[in-house]
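Working through the structure, step by step
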Amino acid sequence: MSIKTIADVDLSKKTVLVRVDFNVPLESGRITDNSRIRAALPTIDYLIKRSAKVILLSHLGRPKGQKNLKYSLRPTAQELSRLLGSSVLFVEDCLAADAQKTIVEMEYGSVMMLENLRFYAEEEENNEEFAKKLAAYGNAYVNDAFGTAHRAHASTAGITHMLPIKVAGFLMQKELEFLGNRTANPERPFTVILGGAKVSDKIGVIDALLDKCDNMLIGGAMAYTFHLAQGKQVGNSLVEKDRVADATAALQKASQKGVKILLPTDSIGTNTLNFEMRTIGHTKTFSEDIPAGWQGVDIGPKTIEIFSEIIGKSKTIFWNGPMGIFEITACAEGTFAIAKAVAQSDGTSIVGGGDSITAINKSGFSSRIDFMSTGGGASLEFLEGKKMPGVTALDHKSM
Ligand code: AMP
């Protein structure tokens, strides 16, 4: 990857606008997972040490262009301040009249955070005037928000045309290295594990990764659409009938390429399920066919064993998506078993997507994962080979 990073330019004593992704999960104003904030610390620390003025830009949730304090970034500024052990200035409106004055007066080597950019519709519209106002706050730009780099917004795309220095932060660099280089030239065997609800969300990435991997392990509800393609019974499992043709095409491509696609050989099924209440009725272990009246909710013990063995022998592993309805404890065993297998493998492990990261964190094995991608949708689009506006807009190293 030939994108310039903050290590390639001199940012000392500069006022640096850093686009971070502090789109963290909140419950009643409390941050339930601070991973995204922690992931940005290396870049922020580096800039503080170079006595830069650090101005953080981010979005949180979907306030739809309206000021809505439910989506205020203030809790993230407080959490960052706790993690840094120093105060973080907070400006309550990203276009506040006094923002510029605060920036002029702030000390070099200190950090300021602007309120949610998406309180203005102009952010997602990539509005030029809005981008210009943000750009006027600083004299260099760093993008460390891989999770939004697949969107051309004012703070990821427009702003880059208005500043002389625009480079990647350390997190962005790591994302590009692990999702780019390590999967493009993987140590083999390279095993891809995909789960979650929908084939439709992941067909692009399935297709792209079939060109690169040796094994593809498919779990979650997605697997049942593949079972349908193989003429198996799926009972009441969640399937996408209109995606059976895609599943068939993927199976054909895999066999032409000599890639092994493994589907669950057994599943845990239930006869009733109430997602809101997080409860299920009776459970049974089924082999590949699930009869009417039953719904597949997790991979079964045999599948856990087969998948874990392949994962254990792999040199590169990419995992995205849960193996079952892991939000319900009784359907979470498969996902946690895979989290454990991925963590215990000696191969390079890359985990993408919020649910898989939550599962890894809950499993207590997160320290054994080589890289956890912060960008769910973005990591999938990047793996598909799509151009990312927030990345292509950055300065490139001359070859
Ligand atoms: P995705 O966003 O596509 O990665 O899907 C994640 C969602 O898939 C989670 O909320 C899981 O509960 C759901 N999921 C995984 N396995 C199943 C299954 N067998 N049946 C229904 N939903 C599932």
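Above this text sits the structure in question.
Model, not experiment: these values are computed from the prediction.

Let us look at the site of the ligand. Around the ligand there are 16 residues in total, and Ala197, Lys202, Gly296, Gly324 and Glu327 lie nearest to it. Within the backbone of Ala197, a nitrogen or oxygen atom sits 3.0 Å from an oxygen atom of the ligand. Within the backbone of Ala221, one N or O atom sits 3.2 Å away from a nitrogen atom of the ligand. When the ligand is considered free in solution it has 500 Å² of accessible area, and contact with the protein chains removes 80% of it. Elements supplying a minimum of two residues to the shell around the ligand: helix H7 (199-210) and strand S16 (295-299).

Turning next to the pairing of strand S7 (residues 140-143). Neither face of S7 is left uncovered, since the one carrying Ala140 and Val142 and the one carrying Tyr141 and Asn143 both have all their residues buried. The sheet contact formed by strand S1 (residues 15-19) and S7 spans four bridges and is parallel. Across the sheet, the residue bridging to Leu17 is Tyr141, located in S7.

Pairing in this open sheet of six strands is parallel, and the strands run S11-S10-S9-S17-S18-S19 from one edge to the other. Single-partner strands in this sheet number two, and they are strand S11 (260-262) and strand S19 (371-372). The sheet contact formed by strand S17 (residues 316-320) and strand S18 (residues 348-352) spans five bridges and is parallel. By the bridge assignment, Trp319 is partnered in S18 with Val351.

Here the focus is helix H1 (residues 35-49). Residues lying three or four places apart along an α-helix face the same way, a consequence of the helix completing one turn every 3.6 residues. Relative to the 21 Å expected for 15 residues at 1.5 Å per residue, H1 spans 22 Å between its end C-alpha atoms, a close match to the ideal helical length. Roughly 40° is the biggest bend found in H1, and it falls at Leu41, with proline Pro42 one to four residues downstream. Along H1, the residues classified as buried are Ser35, Ile37, Ala40, Leu41, Thr43, Ile44, Tyr46 and Leu47. Two residues or fewer after H1 comes Ser51, characterised by a positive phi angle close to 55°.

This next bit is on the pairing of S1. Counting buried positions along S1 yields five of five residues, so the element is predominantly enclosed. Side chains of S1 alternate between two faces, with Thr15, Leu17 and Arg19 and Val16 and Val18 buried alike. Taken together, the five bridges between S1 and strand S4 (residues 53-57) define a ladder with parallel strand orientation. Across the sheet, Leu17 pairs through a bridge with Ile55, a residue of S4.

Its place among the elements puts Ser237 in the loop between helix H8 (222-229) and helix H9 (244-257). A polar contact is formed between the side chain of Ser237 and the backbone oxygen of Val234, at a distance of 2.7 Å. Only 2.9 Å separates the side chain of Ser237 from the backbone nitrogen of Gly296, close enough to count as a polar contact. In this structure, Ser237 is in contact with Tyr224, Ile290, Trp294, Gln295 and Gly296, ignoring residues within four places of it in sequence.

Right, let's get into the nonpolar core. Core analysis: the largest hydrophobic core is formed by 61 residues, its most contacted members being Leu114, Ile206, Met216, Phe226 and Phe318. Here the element with the most residues in this core is H7; it accounts for six residues. Other than its neighbours up to four places away in sequence, Leu114 contacts Ile55, Leu56, Leu57, Leu73, Phe90, Val91, Cys94, Leu134 and Tyr137. With 31 residues, the next largest nonpolar core counts Val16, Val20, Val111 and Met113 among its residues.

About the cut-offs
Residues numbered from 1 in each chain as written. Predicted model: local features only at pLDDT ≥ 70, side-chain atom pairs only at ≥ 80, totals over all residues. Heavy atoms only, no water. Near = heavy atom within 4 Å. Polar contact = N/O pair within 3.5 Å; in protein donor to acceptor, adjacent residues only side chain to side chain. Areas by Shrake-Rupley, 256 points an atom, 1.4 Å probe, with all protein chains shown as cover. Helix = DSSP H or I, 4+ residues; strand = E, 2+ residues; numbered from the N terminus. Buried < 20%, exposed > 50% of the residue type's maximum accessible area, 1.4 Å probe, protein only. Pairing = 2+ DSSP bridges. Expected span 1.5 Å × (residues − 1). Bend = angle between axes of the 7 residues up to and from the residue. Contact = heavy atoms within 4.5 Å. Core = buried A, V, L, I, M, F, W, Y, C linked by side-chain atoms within 4.5 Å.

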